[in-house]
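# Architecture at a glance
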Amino acid sequence: MPFISQTRRQSDYNLFPSATPIVIDNGASYFRIGWAGENDPRVVFRNIVQRPRHKATGETVTVVGDHDPALLKYFDCTRSGPRSAFDSNVVYQFEIMEYILDFGFDRMGANGSQIDHPVLITECVCNPVYSRSKMAELLFETYGVPSVAFGVDAAFSYKYNQQLGICARDGLAICPGFTTAHVIPFVDGEPIYKGSCRTNIGGYHITDQLKQLLSLKYPHHMTKFTWEKVEDLKMEHCYIAPDYAAEARLFQNGTKEAEEKTRTWQLPWVPPAVEEGPSEEELARKAAIRERQGQRLREMAEAKRSSRINELENELQGLEFLLRQLERVEEEDIPSFLEETGYVSKQEVESAHAKAAQALRKAKGEPKGEQVGIEEKIDSSTNEKFPLINVPDDMLTPEQLKEKRRQIFLKTTTEGRQRAKQKRIEEELERERKNQEDEEQRLENPELYLEQLNIRYRELSEKVEQRKRLKTNGNHTNGGMGRGERLNAAQKERMRLLTTAAFDRGKGEDTFGANDEDWQLYKLMSKDNDDDDDGVDPDEAELIRVTSRLQEVDPTFVPKLELGLSQPVVEVPKFRPLTKEDFQVVLGVERFRCPEILFHPSLIGVDQVGLDEMAGVSIRRLSCETQEFEDRLTKSILITGGSSLLPGMTERLEAGIRMIRPCGAPICVFRASDPILDAWRGASSYASAYQFASQTFTRMDYYEKGEDWLREYQLRYTI
């Protein structure tokens, strides 16, 4: 089975005789394994397993414990996160436990499938019989160990520190571990498990709480808060406050002492390269280059314009020559005469002539030039199309009168269309002329041009917005009726016509519509002569042109006002460059707020007692008959486990226990010599004693007695 790990494999496994026990401290956080009688374990790694797939080959590998992050870039870890064999502090995933034991024995140097050494393995207080039997089954049937012994890690730590003279034979062992915290009373050197107490709070919950608080405080750095890094921050910066409420008020008031207790974690940050401003010579050189480029562009534009004018003049002369020839050609010979020119009729030639003349005026920038000639041609063509318009009515027959009315209607419509078209052409020419002038100004001085254009845009925006506010609310700033809510003169007239149309002929028969002039009323009612709505406002048209121009020359420009809307568009926020302070994680109140859950689990929603109250609960469960016996227990309180390394733990625990004990009761709290390794060292010392073999049960006992014997099994720590 392929493993990935940074743990070095031992090479002296075969040098130890088969009677030498293997000691395993199977903690929920770390797995420690070594030889009995030694002072330190041989192999230590995190008690987790991960099984990712290789991105190239698809092979599944087993990652046990600590690993090199550089290797994981070759594996897909998205579908296989770290898994633990523990539920709280009880082993229940024995498939994962098998991976852990395989790796542990492999790192110890075992070559075969059989482990021919006795095994002493730790477990939690009052471990369920099912978990103990499954562990025994795994060790006996999978690894073939000759004998097994189970012991409590906190009891081994207490016995080891008792040998060092730190604690007495009677006392309390308080073990705030990874996922749980235990209190075990000792009487005459033996643990009394009926008086033990457990709370489902440990170092895992402190790290998880700190990780959540930092992720909420710095969401943009959430990927930096890995479990390993937050664990390091906890052990380096967190502490137990002597008085939680007073410490919180200290940070709330922002005193100098609170600032001194604040810590800062600097994330990796590379300062951006500082660009030095150009010198005066460089600015002058760039200005000269821009001037030469602008001059070149103006010359190119002028040459292109001259070429276009020459082409249009030649085309216009050719069309005028063709029209003069058509005047000498008979009407029926015109199609054959135009066959080689590509035109079909004389009207098409005239239309092409008019378009060429218009394009020439546009190229020269003369929107009103030669207007008289064009109008005369239009009038002549109109008289040819509508011959009955100028004929008196008394000279026409009834059919010709109807035709005359139709021609008048068509002429009016045609003239209106021509006027509208001419107006659009003139507006387009005017816009192009202004844009051309703007472009010339921009090429001369781009910075000044952009500044003036922005000023013009702001002035027009304020003017248009003010007009719309006045139209909606009038001069009333606190509500009331505005112009938008009042009827103008044209609307009042239309309402009057609507209300009197059916009654203005008296009370007799309603003859409305019998005469043709009655229908003129509908024309009056359909008109709205509100001067505010006649066409596009000049300021709005200019604002549209300026906005379009700004969008062309300034990529960063965002319109503040969308035309047609009365509400301004939300401005895009301007981002400032990131600085060193943006990559700093400040640890203030989090330093003591997270460890406080050991004494107040209700802070994270766990309705259980804290460490100090657990000591009182354990003493009450022993049903001590005398005060002297209780004093002996409180005179020797040992704290062990990883969370006991937090600064201020001893003082806070002593102060909390003193609050629940009688006044004057002796209370002494000691920290273990090494809260992390003392459990393994105590087990190693125990397994190296010659009486250890009598405390184990063999593979034969397991096959003969089964789980019932495991239920009654109890390790004696005094041998």
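Before reading on, note that the structure itself is shown above.
About the cut-offs
- Residues numbered from 1 in each chain as written.
- Predicted model: local features only at pLDDT ≥ 70, side-chain atom pairs only at ≥ 80, totals over all residues.
- Heavy atoms only, no water.
- Helix = DSSP H or I, 4+ residues; strand = E, 2+ residues; numbered from the N terminus.
- Expected span 1.5 Å × (residues − 1).
- Buried < 20%, exposed > 50% of the residue type's maximum accessible area, 1.4 Å probe, protein only.
- Core = buried A, V, L, I, M, F, W, Y, C linked by side-chain atoms within 4.5 Å.
- Pairing = 2+ DSSP bridges.
- Contact = heavy atoms within 4.5 Å.
- Axes fitted to C-alpha atoms, helices over the stretch in contact; angles between N-to-C directions.
- Phe/Tyr/Trp six-rings, centres within 6.5 Å; stacked < 30°, edge-to-face > 60°.
- Lys NZ or Arg CZ within 6 Å of the ring centre and 35° of its normal.

Moving on, we come to helix H12 (residues 398-444). Across its 47 residues, H12 extends 69 Å between first and last C-alpha, which sits within 8% of the 69 Å expected from 1.5 Å per residue. Every buried residue of H12 is accounted for by Lys-404, Gln-407, Gln-422, Ile-425, Leu-429, Asp-438 and Leu-443.

Moving on: the nonpolar core. Counting 65 residues, the largest nonpolar core has Ile-24, Met-97, Leu-101, Phe-105, Met-135 and Phe-697 as its most contacted members. At 9 residues, the largest contribution of residues to this core is made by helix H1 (residues 94-108). The next biggest cluster of nonpolar side chains, apart from the first, holds 43 residues, and it includes Ile-206, Leu-213, Leu-214 and Ile-597.

Strands pair in a sheet through their backbones, by hydrogen bonds, and they do so in one of two ways: parallel or antiparallel. Strand order in the open sheet formed by 6 strands is E4-E3-E2-E11-E12-E21, with mixed pairing between adjacent strands. Among the strands making up the open sheet, the edge pair consists of strand E4 (43-46) and strand E21 (697-698). Pairing between strand E2 (residues 22-26) and strand E11 (residues 119-123): 3 bridges, direction parallel. From the neighbouring strand, Ile-22 faces E11, where its bridge partner is Val-119. Across the sheet, helix H2 (residues 129-142) lies against E2, E11, strand E12 (147-152) and E21, angled at about 145° from E12, the strand it touches most. Running at roughly 75° to E12, helix H3 (residues 153-163) makes contact with E2, E11 and E12 of the sheet.

This part takes up the environment of Ala-28. With respect to the element layout, Ala-28 can be found in the loop between E2 and strand E3 (30-35). In this structure, the C-alpha to C-alpha distance between Ala-28 and Phe-86, residues 58 residues apart in sequence, is 6.3 Å. Residues within four places of Ala-28 in sequence aside, it is in contact with Asn-47, Ser-84, Phe-86, Ser-88, Phe-178 and Thr-179.

Next up on the list: the packing of aromatic side chains. All chains considered together, the criterion is met by 18 aromatic pairs. Arranged with centres 5.6 Å apart and planes meeting at 45°, the rings of Tyr-13 and Trp-35 form a pair that is tilted. With Tyr-13 in the loop between strand E1 (3-4) and E2 and Trp-35 in strand E3, this residue pair connects regions lying 22 residues apart in the sequence. Summarising the burial analysis for this pair, Tyr-13 and Trp-35 share the class buried. Among the aromatic residues, those joined into a ring-pair cluster are Phe-140, Phe-150, Phe-697, Tyr-702 and Tyr-703. Here Arg-652 stacks its cationic end above the ring of Phe-599, 4.6 Å away from the centre of that ring.

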